[in-house]
Amino acid sequence: MAKRGGFPGGGMPGNMANLMKQAQKMQRQMEEQAKEMETKEFTATAGGGAVEVTVSGKREVLKVKLQEEVVDPDDIEMLEDLIVAATNEALRQVEDANASAMSKLTGGIGGGMLGMF
């Protein structure tokens, strides 16, 4: 009597096995990309270059450089705003670089699927 259902040999069908191999390869590439991103640095400025902030791919602030003319004890709020603006821009650069790298790996299908791997 012939078996019903299942696949011959009890294994995965060829397309499914191939899909799993591709998914594993993509996962390895994504892990490598994440490690590479951690070693990169991203620098942004604000106030026409008066404030410069450098962050790592790990999203850690590495360096803050201030031009002497931006340090005004009577206007600390402006300096704070410039530091925040430069930091946020550097962090956006990290996000953009990460999204671009992942898009290359996933062929643009990333979207909500990235969290699955």
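Residues numbered from 1 in each chain as written. Predicted model: local features only at pLDDT ≥ 70, side-chain atom pairs only at ≥ 80, totals over all residues. Heavy atoms only, no water.

A.B. asks: Is there a simple way to explain helix H1 (residues 14-39) in this structure?
C.D. replies: Since the α-helix advances by 3.6 residues per turn, residues separated by three or four positions end up pointing in the same direction. The end-to-end C-alpha separation of H1 is 39 Å, in line with the 38 Å expected for 26 residues at 1.5 Å each. Every buried residue of H1 is accounted for by Met26, Met30, Gln33 and Met37. Elements in contact with the buried residues of H1: strand S1 (41-46) and helix H2 (76-106). (Helix = DSSP H or I, 4+ residues; strand = E, 2+ residues; numbered from the N terminus. Expected span 1.5 Å × (residues − 1). Buried < 20%, exposed > 50% of the residue type's maximum accessible area, 1.4 Å probe, protein only. Contact = heavy atoms within 4.5 Å.)

A.B. asks: So what exactly am I meant to see when it comes to the pattern of salt bridges here?
C.D. replies: Pairing of side chains with opposite charge becomes possible as their charged atoms draw close. Per the stated rule, a full pass over the model turns up 3 salt bridges. When the shortest N-O distance is used, the salt bridge between Arg59 and Glu95 registers 2.7 Å. Taken together, the positions of Arg59 in the loop between strand S2 (51-56) and strand S3 (61-66) and Glu95 in helix H2 put the pair 36 residues apart, joining distant regions of the chain. On the basis of relative accessibility, which here comes to 39%, the residue Glu95 falls in the partly exposed class. (Salt bridge = Lys/Arg side-chain N within 4 Å of Asp/Glu carboxyl O.)

A.B. asks: It is not clear to me how the packing of H1 against H2 should be interpreted in this structure. Could you clarify?
C.D. replies: The axes of two packed helices give the description: the angle between them and the distance between them. Interaxial distance between H1 and H2 falls to 10 Å at its minimum, and their mutual angle equals 155°. On the basis of the axis angle, H1 is roughly antiparallel to H2. The two elements H1 and H2 cross, and the hand of that crossing is right-handed. Packed against H1, whose contacting residues are Met26, Gln29, Met30, Gln33 and Met37, the element H2 presents Val94, Ala97, Asn98, Ala101, Met102, Leu105 and Thr106 at the interface. By residue class, the composition of the contact of H1 with H2 is 8 nonpolar, 4 polar and no charged. (Axes fitted to C-alpha atoms, helices over the stretch in contact; angles between N-to-C directions. Parallel < 35°, antiparallel > 145°, perpendicular 65-115°, else oblique. Left-handed = near helix turned anticlockwise from the far one by under 90°. Nonpolar A, V, L, I, M, F, W, Y, C, P; charged D, E, K, R; others polar.)

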